[in-house]
Amino acid sequence: MRHIFTTMLILTATTGHADAPRVVADIAPIHSLVAQVMEGVGQPDLIVPPGADAHHMALRPSDAVTLSQADVVIWVGAELTPWLTDPLATLAPAAATLTLLGAPGWTPRALPEEAGHATEAAHHHDFDPHAWLDPEIAMVWVGAIRDTLSTTDPDHATAYAANADRALRGLTALRKTIAADLAGLPGGTWIAPHAAFGYFENRFDLPSGGAISDSEAEDPGPAHLSDLRHRAEAGEVTCVLSETNAPTRYADLLTDGTAARQGTIDDTGVTLTPGVTLYADLLTGIAATLKGCIEN
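Being a predicted model, the structure only gives us computed values, none of them experimental.

Each value, and the rule that gives it
- Position numbers for residues start from 1 in each chain and track the written sequence from start to end.
- Residues qualify for local features only when their pLDDT is at least 70, as the model is predicted, and side-chain atom pairs are given and counted only at 80 or more; totals for whole chains, interfaces and linings, by contrast, use all residues.
- Based on all heavy atoms of the structure, the side-chain values leave hydrogens and waters out of the count.
- Only buried residues count toward a nonpolar core. Its members are Ala, Val, Leu, Ile, Met, Phe, Trp, Tyr and Cys residues joined through side-chain atoms within 4.5 Å.
- Three exposure classes are used, based on accessible area relative to the maximum for each residue type with a 1.4 Å probe and protein chains only: buried under 20%, partly exposed in between, and exposed over 50%.
- Here an angle of 0 to 180 degrees is reported between the N-to-C directions of two axes, which are lines fitted to C-alpha atoms, with helices fitted over the stretch in contact.
- Elements are defined by DSSP. Helices are runs of H or I of four residues or more, strands are runs of E of two residues or more, and each kind is numbered from the N terminus.
- Under this scheme an angle from 65 to 115 degrees is roughly perpendicular, one under 35 degrees roughly parallel, and one over 145 degrees roughly antiparallel; angles in between are oblique.
- Note on definitions: a residue-residue contact is assigned when non-hydrogen atoms from the two residues lie within 4.5 Å.
- Charged means Asp, Glu, Lys or Arg here, nonpolar means Ala, Val, Leu, Ile, Met, Phe, Trp, Tyr, Cys or Pro, and polar covers whatever is left, Gly included.

Draft legend 1. Layout of the nonpolar core. By size, the foremost hydrophobic cluster in this structure holds 74 residues, and its most contacted members are Ile-30, Trp-132, Trp-141 and Phe-200. In this structure, Ile-212, Leu-225, Val-237 and Leu-254 belong to the second largest nonpolar core, which totals 10 residues.

Draft legend 2. A look at the packing of helix H2 (residues 28–38) against helix H7 (residues 157–182). It is the contact of H2 with H7, at a shortest axis distance of 7 Å, that shows an interaxial angle of 125°. Considering the angle they form, H2 stands oblique to H7. Along the contact surface, H2 presents Gln-36, Val-37 and Met-38, while H7 presents Ala-159, Tyr-160, Asn-163 and Ala-167. Residue composition of the contact of H2 with H7, by class: 5 nonpolar, 2 polar and no charged.

Draft legend 3. Molecular detail of the environment of Asp-45. The topology assignment puts Asp-45 in strand S2 (residues 45–46). By relative accessible area, which is 25% here, Asp-45 ends up partly exposed. Placed 19 residues apart in sequence, Asp-45 and Asp-26 show a C-alpha to C-alpha distance of 8.5 Å. Every residue in contact with Asp-45, bar those within four places of it in the chain, is listed here: Arg-22, Val-23, Val-24, Ala-25, His-31 and Thr-66.

This is the structure in structure tokens:
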């Protein structure tokens, strides 16, 4: 009996707090923010793995089990992952749910009223859900994550508060570092693979010259591609980006025979390991890609 009790103590010490809540996050950047607030208390589960299409992914059986066991669900919202709405209602009806797009303290970015964004607006109810790409919005969301976890799990409220304070300091430093790195770069000279980077563009005053497509799941129209091609030929566009680990056929089409350069970029951390550092790695990677492609 003593041996069994000793083994249980060892397992508890090596796997974290036995009474930590089961927390589920939707996408890797949000999972990273949650992991920072939960550090030392427990590990959140991740529903949408890096590289999957957050807009259209089908729920896997293992994800259904994870949701059914969740005490807390933290997600961006139905505007990003509409397919997750019904499973949350049926599989995790008793879980405390934090919808970050509905958290107070920040202003959603309205999508431009133009033909090139019509489909994106239809998908996202006229505002852009990719708000995690602004570290100042991420700071607001960290506060909401802290409050939700503390309310659900008051025994660890002190740890959540201390972790959130550390995460906020890190986000402040991250914002300042990226702002300094990108200062002075010309705006309007780079083309995004799809319309997802507006919050990053606005925060760091580095607007794109447009996007190849409205969303990563859709192909651009020939007239739109022709317009982008003419701008690259005229030297107005000097950097055309593709999704990381995705085909470069459109970037090839737009840059072939021109002086425009190519690069790869993503908004969720396709090649990154989920966890505490992913969020900072994601944003510094975006900044490095833009600086290298625009400057060279």
